[in-house]
Number of protein chains: 2
Amino acid sequence: MAEKKLVESITSMDTDFAQWYTDVVKKAELIDYTSVKGCMVIKPAGYAIWENIQKNLDEMFKKNGVQNVYLPLFIPESLLQKEKDHVEGFAPEVAWVTHGGTNELQERLCVRPTSETLFCDFYKNDIHSYRDLPRVYNQWCSVVRWEKETRPFLRSREFLWQEGHTAHATLEQAQERTIQMLHVYAEFCEDVLAIPVIKGEKTDKEKFAGAESTYTIEALMHDGKALQSGTSHNFGDGFAKAFDIQFADKDNTLKHVYQTSWGMSTRIIGAIIMVHGDDSGLVLPPKIAPVQVMIIPIQQKKEGVLDKAYALRDMLEGSFHVKVDDSDKSPGWKFSEQEMRGIPVRVEVGPRDMEAGKCVICRRDTREKIECTFEELETRLRETLDTMQREMLERAREHRDAHTYTAADMETFERIFNEKAGFVKAMWCGGQECEDVIKEKLSVTSRCMPFEQEQIADTCVCCGKPAKKMVYWGRAY
Amino acid sequence: MAEKKLVESITSMDTDFAQWYTDVVKKAELIDYTSVKGCMVIKPAGYAIWENIQKNLDEMFKKNGVQNVYLPLFIPESLLQKEKDHVEGFAPEVAWVTHGGTNELQERLCVRPTSETLFCDFYKNDIHSYRDLPRVYNQWCSVVRWEKETRPFLRSREFLWQEGHTAHATLEQAQERTIQMLHVYAEFCEDVLAIPVIKGEKTDKEKFAGAESTYTIEALMHDGKALQSGTSHNFGDGFAKAFDIQFADKDNTLKHVYQTSWGMSTRIIGAIIMVHGDDSGLVLPPKIAPVQVMIIPIQQKKEGVLDKAYALRDMLEGSFHVKVDDSDKSPGWKFSEQEMRGIPVRVEVGPRDMEAGKCVICRRDTREKIECTFEELETRLRETLDTMQREMLERAREHRDAHTYTAADMETFERIFNEKAGFVKAMWCGGQECEDVIKEKLSVTSRCMPFEQEQIADTCVCCGKPAKKMVYWGRAY
């Protein structure tokens, strides 16, 4: 049957999760590959998700006092080199512009991999007095990192993101903003994307190049791998000293500012796919779905069916993102497409339903079918979408909790990672040597030192020395 | 007086229009210069205007069936070279990436100056059948053109824009879409930005590299120079043949698609400044102003004044973009700042007003003061903003019409351009030689062959041969 082909052509998650992912991003028409190695086209269905992410996150930013700006795409080489750790972290993976037209440039420019150095160069002239602080700026843009291995959304040579960059009068205010934005990301992930996250701090080994401390939200994908889903960095006054960003304080002395940055990227679309998807394709949380309700007419050539479908759409349009699939495909094919694209609910309406004054709502995630009258439809849809949003988060949290383990000693730690996939909570001495050993042996990294600490044991899971922190460990994308 | 300094430091428009422009973009805090030559920082006040432009235009696009996508920043050199005219037009002004990290690339990549070639490369694999047509895609992004002389918003090495790229089954449909989008731009400029435009077609000399025909909207700035404010191109099947983009038509034969592209950029912010601004700074049309109403408390330290200002803000917040200037600056200083930033109206409220139960609305463009009660305030503000929006368009149209001349012969034509600044309507034979002569002699270019043709004379203003078209001529940014 033709209807089945669309679905059959996806690899099952359990057979090959990586192939399933690749199949979904292509079949749900989120992206296409290009002749530019490592770069992708984000197609309408994919970009509409990003637009909704932008809209929701940008609203939250503005409520948190963030102002949007736009800084150049290019960074002169000498500017990138001003902060030692930062340039070491990024120089190996930047794209270099050497010619403008037919002329060789006097100084190479890199295509921004991130814009700390540009914001510093700007703030240096923009900030004079304590009255100018805080500066809480953000930009939505694309960045380039010359990755060797790439995967759609998860790792590509160019990706879209937002990067916030702030400047403050004191270290405390910078720290407050760092944590404030981490909470914004966490709230966005849980409330809007139905993705539960662990909030915590990165170890020194895993922190951002040039940061004093990096905070992260970590999510667990369906296959038990971790995905760093948003980060927030406190730079202290390190960049300010390297770039000489000073302000006249109330006491009339010159002081260096304290800075932060924080970012979330199109990578999060990968998280939506890998947390919620199933063997029929994408499953989009109602709050982020570009189309929330697809009305599918059954026997649409019969008199009145299409008209009824359009009438329902017109009725619902003010409350939901709703469409009618009036193409000349069969209903079965349309069901498969709606499922592949992850549209939260479909409404089936055919001649028999119409006679009975009823239609059927079908939930994408559970496949539950709900029969209701046309009068009830709007209310039932609202209930269904709300329930679905809530249950998707609950299900993802249950999955994560069921795949979160604890290990008090190295034997248990190794056994879990050899037999299972998920987070392992274990104690750590604070030494980078232990992180190196664990990475070498198991390809496992410290994901974060969570804000919610537990006392699993007294000693480091790796070296047996006294433990300082509980760490979430995992294999990561 | 300190209050005056802000204003006095702007050069008057009549003294030096170019310097006035530079002063306004800086003093209104729209942009800042950077260490990257020819690239600018768009600051919050400038970026908020762009966000409103995006919001308005994107809504209009979506009503016209446009879907947003995102394509790569880079174009491989071989791809750029596929369409002969196109590469000749753009290659001299692109930035070339030659290295990724420490490795030299096998093939140079240019940073997109425009994305026709990328869309073609994508459509080639994306379009198979007549069922896939039309494709009406758009992207919001930044582009790079290695310009020698740059000016904020008007000409910079990197700028923000949207570029629409469509594919159709027939030439007629492509032509229809080309004109449809030109009308969208014209409507947007007149309705939202209060900028009247001339719609017309470019001559072959002035058309886009690779286009069969280019349509444009041309606006007249306050100094009498023209600004090309948006363009829409019909490519016929030229790109489709160069890139081999074919589809199976209903009759089962393979045919090439017909394509269009259309764009509007941050350049339009330059038009807003130069059409509406005055010697006190920016004047923003209410529909595009990020802040529409600034409430300025008088004697704000007196009891109840600030509370009243906040209460008015809370009352108005649902209807307007409104702010209170509660900084510790003097009212005079605040007035100057509100004027410099082009905020459409200010509301003055002080102790005496409060006793009388009244406040004063002051219009930015005419300086007209309107006294009203607090109860009337919302209604009066709505009226004032509507009137201002309408009158700004009328005034701009009157200015343009007063600076639009006609010339039937070369002597008149030259005299006008030597003595005056504006559009000159004159007949043209259709030969590029005459355009070259006119450009050489007067630095004047053909702006467009307007849709609304008039018969000024029977012969070409330049060579005296029979005329084919009436052309708008002008000096341009």
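Predicted model only: the values in this text are computed from it and were never measured.

Another aspect to go through is the overall build of chain A. A count of helices and strands for chain A gives 15 helices and 23 strands. What you see for chain A is a C-alpha radius of gyration of 25 Å, in line with the 23 Å of a compact globule of 477 residues. Over its C-alpha atoms, taken along the principal directions, chain A stretches across nearly 80 × 60 × 50 Å. In chain A, the share of contacts with a sequence separation of at least 24, taken over all contacts with a separation of at least 6, comes to 68%. Working note: accessible area of chain A is about 19300 Å², and carbon and sulfur atoms make up 45% of it. Looking at chain A, you have 63 positive and 77 negative side-chain charges, and the mean spots of the two groups are 1 Å apart.

In terms of nonpolar packing, the biggest core is built from 84 residues, with Phe-74, Val-97 and Val-111 of chain A together with Phe-74, Val-97 and Val-111 of chain B touching the most fellow members. The contact partners of Val-111 of chain A, leaving out residues within four places of it in the chain, are Leu-73, Phe-74, Ala-95, Val-97 and Val-144 of chain A together with Leu-73, Phe-74 and Val-97 of chain B.

A few words now on the relation of the copies chain B and chain A. For the pair chain B and chain A, the superposition axis carries a translation of 0.0 Å, the fit reaches an RMSD of 0.0 Å, and the rotation angle comes to 180 degrees. Such a combination of turn and shift is consistent with a two-fold rotation axis. The C-alpha atom lying nearest the rotation axis in chain B is that of Val-97 of chain B; the distance is 2.1 Å. By residue overlap, the copies meet face to face through one surface: 98% of the interface positions of chain B are interface positions in chain A.

Attention shifts here to the interface of chain B and chain A. Taken together, the 51 residues of chain B in the interface contact 50 residues of chain A. With both chains or domains summed, chain B and chain A bury close to 4100 Å², and 62% of this area falls on carbon and sulfur atoms. Here chain B is connected to chain A by 4 salt bridges. Here Glu-51 of chain A makes a salt bridge to Lys-62 of chain B, at a shortest N to O gap of 3.1 Å. The biggest single contributor to the side of chain B that touches chain A is strand β5 (residues 95-100) of chain B, with 6 residues. Classifying every residue of the side of chain B that touches chain A gives 30 nonpolar, 10 polar and 11 charged. The sheet contact formed by strand β5 (residues 95-100) of chain A and β5 of chain B spans 5 bridges and is antiparallel.

Here the focus is unusual backbone geometry. Residue and element names in this part refer to chain A. Omega for the bond connecting Leu-133 with Pro-134 falls within 30 degrees of zero, at -5 degrees, which places this linkage in the cis form. Tracing the backbone shows Pro-134 in the loop between α6 (116-126) and β7 (135-144). The backbone of Arg-367 shows a phi angle near 70 degrees, a positive value even though the residue is not glycine. Within the fold, Arg-367 resides in the loop between β18 (358-363) and β19 (369-373).

Below, the discussion takes up the sheet that holds strand β18 (residues 358-363) of chain B. All names here are of chain B. Taken in spatial order, the 5 strands of this open sheet run β16-β15-β17-β18-β19, and their pairing is mixed. Looking along the sheet, the strands with just one partner apiece sit at the ends: β16 (322-324) and β19 (369-373). Sheet twist, expressed as the average angle between the axes of neighbouring strands with direction ignored, equals 25 degrees. Sheet topology places strand β17 (residues 345-349) next to β18; 4 bridges connect them, and they run antiparallel. By the bridge assignment for β18, Val-345 is matched with Arg-363.

Here the focus is the pairing of strand β7 (residues 135-144) of chain B. All names here are of chain B. Along β7, 10 of the 10 residues are buried, which leaves the element largely enclosed by surrounding structure. Bridge count between β7 and strand β8 (residues 158-168): 10 bridges; the pairing is antiparallel. Of the residues in β8, the one forming a bridge with Val-143 is Phe-159.

Let us now look at the packing of helix α10 (residues 305-316) of chain A against helix α13 (residues 377-402) of chain A. In a pair of packed helices, the angle between the axes and the distance between the axes together describe the arrangement. All names here are of chain A. Where α10 contacts α13, the axes come no closer than 10 Å and their chain directions differ by 65 degrees. When the axes of α10 and α13 are compared, the crossing they make is right-handed. Here Leu-312, Met-315 and Leu-316 of α10 lie close against α13, whose contacting residues are Leu-377, Glu-378 and Leu-381. In terms of residue class, the contact of α10 with α13 is made up of 5 nonpolar, no polar and 1 charged.

All names here are of chain B. Taken together, the 11 strands give an open sheet; going across it, the order is β3-β7-β8-β14-β11-β10-β9-β22-β23-β21-β20, and neighbouring strands pair in mixed fashion. Each edge of the sheet is formed by a strand with only one pairing partner; in this case those strands are β3 (67-68) and β20 (404-406). Of the pairings in the sheet, the one linking β8 to strand β14 (residues 258-265) comprises 8 bridges and is antiparallel in character. Among the inter-strand pairings, His-168 is bridged to a residue of β14, identified as Tyr-258. Lying over the sheet, helix α3 (residues 44-63) contacts β3, β7, β8 and β14, oriented at roughly 165 degrees with respect to β7. The sheet strands contacting helix α7 (residues 171-192) are β7, β8, β9 (198-201), β10 (213-220), β11 (226-236) and β14, and the helix crosses β14 at an angle near 10 degrees.

Take the pairing of strand β8 (residues 158-168) of chain A next. Among the 11 residues that make up β8 of chain A, 11 are buried, leaving the element largely enclosed by the rest of the structure. Here β8 of chain A shows no split at all, with Glu-158, Leu-160, Gln-162, Gly-164, Thr-166 and His-168 of chain A on one side and Phe-159, Trp-161, Glu-163, His-165 and Ala-167 of chain A on the other all buried.

The next point concerns the pattern of salt bridges. One pass over the structure, following the stated rule, counts 70 salt bridges over all chains. Through salt bridges with shared partners, a single network forms among Asp-278, Glu-339, Arg-346, Glu-348, Arg-364, Arg-367 and Lys-369 of chain A.

Moving on: the environment of Cys-448 of chain A. All names here are of chain A. Within the secondary structure, Cys-448 is located in strand β22 (residues 445-450). Linking Cys-448 and Lys-207, residues 241 residues apart in sequence, is a C-alpha distance of 9.8 Å. If we skip the residues at most four places from it in the chain, Cys-448 touches Ile-198, Lys-199, Gly-200, Glu-201, Thr-216, Glu-218, Met-470, Val-471 and Tyr-472.

Right, let's talk about the confidence of the model for chain A for a bit. When pLDDT is averaged across chain A, the result is 96; 98% of the residues are at 70 or more. Quick note on the complex model: pTM equals 0.96, ipTM equals 0.96.

Before going further, it helps to examine the packing of aromatic side chains. All names here are of chain B. Within the structure shown, the criterion is met by 38 aromatic pairs over all chains. When the centroid spacing of 5.9 Å and the interplanar angle of 55 degrees are considered together, the rings of Tyr-215 and Phe-451 count as tilted. On the criterion of sequence distance, the pair formed by Tyr-215 in strand β10 and Phe-451 in the loop between β22 (445-450) and β23 (469-474) is long-range, its members being 236 residues apart. A residue is classified by how much of its surface remains accessible, and Phe-451, at 39% relative accessible area, is partly exposed. Sitting above the plane of the Tyr-477 ring, Lys-225 keeps its charged end 4.8 Å from the centroid. Against the face of Phe-335 rests Arg-346, its NZ or CZ located 3.9 Å from the ring centre.

What follows concerns the side chain of Glu-163 of chain A. Residues and elements named next belong to chain A. Relative to the helices and strands, Glu-163 resides in strand β8. Among buried Asp, Glu, Lys and Arg side chains, Glu-163 stands out as unpaired, with Arg-112 the closest opposite charge at 4.7 Å. For Glu-163, the side chain forms a polar contact with the side chain of Trp-161, separated by 3.5 Å. When residues no more than four places from it in sequence are discounted, the contact partners of Glu-163 are Arg-112, Thr-114, Ser-115, Tyr-137, Asn-138, Gln-139, Cys-141, Val-143 and Trp-262.

A few words now on the packing of α3 of chain B against α7 of chain B. All names here are of chain B. Following both chains from N to C, one finds α3 and α7 inclined at 140 degrees, their axes separated by 11 Å at the closest point. Relative to α7, the element α3 lies oblique. The two elements α3 and α7 meet at a crossing, and its hand is right-handed. Across the interface between the two elements, Ile-53, Asn-56, Leu-57, Met-60 and Phe-61 from α3 touch Met-181, Val-184, Tyr-185, Glu-187, Phe-188 and Val-192 from α7. For the contact of α3 with α7, the class distribution of residues is 9 nonpolar, 1 polar and 1 charged.

Summed over all chains, the structure comprises 0 disulfides over all chains. Looking at the unpaired Cys-463 of chain A, the closest cysteine sulfur is the one in Cys-434 of chain A, lying at 3.6 Å. By relative accessible area, which is 34% here, Cys-463 of chain A ends up partly exposed. Free cysteine: Cys-372 of chain B, not disulfide-bonded; nearest cysteine sulfur from Cys-359 of chain B at 4.3 Å.

Let us look at the environment of Ile-288 of chain A. Residue and element names in this part refer to chain A. The topology assignment puts Ile-288 in the loop between α9 (267-276) and β15 (293-297). By relative accessible area, which is 0% here, Ile-288 ends up buried. Sequence-wise, Ile-288 and Asn-52 are 236 residues apart; in three dimensions their C-alpha atoms are separated by 5.9 Å. Beyond its immediate stretch of four places on either side in the chain, Ile-288 contacts Ile-49, Asn-52, Ile-53, Asn-56, Val-192, Leu-193 and Ile-272.

This brings us to the side chain of Ser-115 of chain A. All names here are of chain A. Structurally, the position occupied by Ser-115 is in the loop between β6 (103-111) and α6. Classification of Ser-115 by relative accessible area gives buried; the value is 0%. The residues touching Ser-115, leaving out its near neighbours within four places in the chain, are Gln-139, Glu-163 and His-165.

What counts, and where the lines are drawn
Residue positions are given per chain, counting from 1 as you read along its sequence in written order. For naming, the first written chain is A and the first written ligand is 1, with later ones following in the order written. Reporting of local features is limited, given that this is a predicted model, to residues whose pLDDT is at least 70; pairs of side-chain atoms are given and counted only at 80 or more, and all residues count toward the totals for whole chains, interfaces and linings. Values reported for side chains reflect all heavy atoms of the structure, with hydrogen atoms and water molecules removed beforehand. A run of H or I in DSSP becomes a helix once it reaches four residues, and a run of E becomes a strand once it reaches two; helices and strands are each numbered from the N terminus. The atom set for the radius of gyration is the C-alpha atoms, and the globule formula is 2.2 Å times the number of residues raised to the power 0.38. The contact criterion used throughout is that any non-hydrogen atoms of two residues lie within 4.5 Å. Residue-level accessible areas treat just the shown protein chains as cover; the underlying method is Shrake-Rupley with a 1.4 Å probe. Counting rule applied: Lys, Arg positive; Asp, Glu negative; His and chain ends not counted. The atoms used to mark charge sites are NZ of Lys, CZ of Arg, CG of Asp and CD of Glu. Put simply, buried Ala, Val, Leu, Ile, Met, Phe, Trp, Tyr and Cys residues joined by side-chain atoms within 4.5 Å make one nonpolar core. A simple rule labels every residue: compare its accessible area, found with a 1.4 Å probe on the protein chains alone, to the largest value its type can have, and call it buried under 20%, exposed over 50%, or partly exposed in between. Least-squares fitting of one copy onto the other uses the C-alpha atoms of those residues that reach a pLDDT of at least 70 in both copies. In short, buried area is how much 1.4 Å probe accessible area vanishes from two parts on joining, totalled over both. For this analysis, a salt bridge means a side-chain nitrogen from Lys or Arg found within 4 Å of a carboxyl oxygen belonging to Asp or Glu. Three classes are used: nonpolar for Ala, Val, Leu, Ile, Met, Phe, Trp, Tyr, Cys and Pro, charged for Asp, Glu, Lys and Arg, and polar for all others, with Gly counted as polar. Any two strands between which DSSP finds at least two bridges are classified as paired. Working convention: axes come from line fits to C-alpha atoms, limited for helices to the stretch in contact. Angles between N-to-C directions cover 0 to 180 degrees. For a crossing to be left-handed, the near helix must be turned anticlockwise from the far one by less than a right angle; the clockwise case is right-handed. Per-residue confidence from the prediction method is given by pLDDT, with values spanning 0 to 100. To pair, rings of Phe, Tyr and Trp, with the six-membered ring standing in for Trp, must have centres within 6.5 Å; the planes then decide the type, stacked if under 30 degrees apart, edge-to-face if over 60, and tilted in the middle. Remark: a charge is flagged as sitting over a ring if the NZ atom of Lys or the CZ atom of Arg is within 6 Å of the ring centre and within 35 degrees of the ring normal. Each polar contact in these results corresponds to two N or O atoms within 3.5 Å; when the atoms are within protein, one needs to be able to donate a hydrogen and the other to accept it, and residues that are neighboring in sequence are counted only if both atoms are side-chain atoms. For this classification, under 35 degrees means roughly parallel, over 145 means roughly antiparallel, 65 to 115 means roughly perpendicular, and everything else is oblique. Disulfide assignment relies on a single distance test, namely cysteine sulfur atoms paired within 2.5 Å.

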